[in-house]
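# Structure at a glance
Below, each chain spelled out in residue letters.
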Amino acid sequence: MSLHVIVGAGPVGTAVARLLADRGERVRLLSRRGSGPDHPSIERVAADATQADRLSELAAGAVALYNCANPLYHRWLADWPPIAAALLTASERSGAVLAVTSNLYGYGPVDGPITDATPLAATHPKLRLRADMWREALARHEAGRIRVTEIRSSDYIEANSILSFVLSKPILAGKRAFVPGALDVPHSWTAIGDAARTLVAAATDARAWGKAWLVPTQPPLTVRALATRFAAVAGAPPPKLSVIPYPVLWTVGLFVPLARELRATRYQFVRPFVVDSSTTEKTFGLAPTELDVALKAAVPG
């Protein structure tokens, strides 16, 4: 039984903790409030993820340190740097493999499917942040100071995504949903459980270290198709969808922080944004969760 330390008790951190605990591993789950699932193999600890000394103490003896933190979306530029720095320090001091949960922001706008060969080319500060975090971690890995790996997911199906934020509630209520992007452009959607399985596989397999991996993801669906499938799975009426014009989104962003931040990622929803995760699937023998299974998990209650 090995010790695995997870920073962040959000959807991914919780899924990783449960996966490891169910496998018989010893899990230490850190969050600001000490929250997380109730499981005999999960030790929940209240800790500040920006405090390198505290993280180092809690990671001592661990085989892996998982970055599943999730700062408030509109505070990324302020909150991510100290968290990332503390995790790098804790990984170096403890010797634990640093396994990072990330996304596709670092690629910026793309002209084709995102593969393991797609360069990190984002220029917008919010998008470039995650790329810079990886570059710093990789530099330390290559210098022999730490061992690191990273997984990259597209928008989650079950939580923290356009489905949970803008589609789910109105669809289930039979009301119109207003979407901050195109309705009929292909987009990849990732299941949280697949992110958790990929993160654990990468953390515990030396072949993964020093590389980033795209989480196994089902073939792309348009927002309209995703909403239609979700409604069918949830037993709701066919969805009624409308697009929020960009000038309206921009104006709302003057008053609503989340809407303001969506300006930077709008490109992902007005042109094809597709993931090719075949390399990860072949390397680790993983496959994406069936879409309807993930959509059922997205239905509240």
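Just above sits the structure.
Below is a summary of the structure that appears in this document.

So, how was this worked out
- Residues numbered from 1 in each chain as written.
- Predicted model: local features only at pLDDT ≥ 70, side-chain atom pairs only at ≥ 80, totals over all residues.
- Heavy atoms only, no water.
- Patch = residues over 30% accessible without salt bridge, like charges linked within 9 Å, V, L, I, M, F, W, Y side chains within 5 Å.
- Areas by Shrake-Rupley, 256 points an atom, 1.4 Å probe, with all protein chains shown as cover.
- Salt bridge = Lys/Arg side-chain N within 4 Å of Asp/Glu carboxyl O.
- Helix = DSSP H or I, 4+ residues; strand = E, 2+ residues; numbered from the N terminus.
- Buried < 20%, exposed > 50% of the residue type's maximum accessible area, 1.4 Å probe, protein only.
- Pairing = 2+ DSSP bridges.
- Axes fitted to C-alpha atoms, helices over the stretch in contact; angles between N-to-C directions.
- Contact = heavy atoms within 4.5 Å.
- Parallel < 35°, antiparallel > 145°, perpendicular 65-115°, else oblique.
- Left-handed = near helix turned anticlockwise from the far one by under 90°.

Further remarks concern a nonpolar patch on the surface. Among the surface-exposed residues, Phe-165, Tyr-246, Val-248, Trp-250, Val-252, Leu-254, Phe-255, Val-256 and Leu-258 lie close enough to one another that they form a single nonpolar patch of about 860 Å² accessible area. Relative to the helices and strands, Phe-255 is located in the loop between α8 (246-252) and α9 (257-265). When its relative accessible area of 68% is taken as the criterion, Phe-255 is described as exposed.

This brings us to the sheet that holds strand β10 (residues 212-214). Read from one edge of the open sheet, 7 strands run β3-β2-β1-β4-β5-β6-β10, paired in parallel fashion. In the strand order of this sheet, the two ends are held by β3 (42-46) and β10, each with one partner. On average, each strand axis in the sheet is inclined to that of its neighbour by 20 degrees, with strand direction left out of account. Sheet analysis places strand β5 (residues 97-103) next to strand β6 (residues 148-153), joined by 6 bridges and oriented parallel. Counted as the bridge partner of Asn-103 is Ser-153 from β6. On top of the sheet, helix α2 (residues 52-59) reaches β1 (3-7), β2 (26-31), β3 and β4 (64-67); it is set at about 150 degrees to β1, its chief contact.

Moving on: unusual backbone geometry. Despite not being glycine, Asn-160 shows a phi value in the positive range, around 55 degrees. Among the secondary structure elements, Asn-160 is positioned in the loop between β7 (155-156) and α5 (162-172). Classification of Asn-160 as partly exposed rests on a relative accessible area of 37%.

The subject of this paragraph is the packing of α2 against helix α3 (residues 76-94). The contact between α2 and α3 brings their axes to 8 Å, and the two run at 40 degrees. As judged from the angle between their axes, α2 and α3 are oblique. Relative to α3, the crossing made by α2 is right-handed. Contacts between α2 and α3 involve Ala-52, Asp-53, Leu-55, Ser-56 and Ala-59 on the former and, on the latter, Ala-86, Leu-87, Thr-89, Ala-90, Arg-93 and Ser-94.

On inspection of all chains with the given rule, the structure shows 16 salt bridges. The salt bridge involving Asp-111 is made with Arg-271; its shortest N-O contact spans 2.9 Å. In this pair, Asp-111 sits in the loop between β5 and α4 (125-142) while Arg-271 sits in the loop between α9 and α10 (278-284), placing the two residues 160 residues apart along the sequence.

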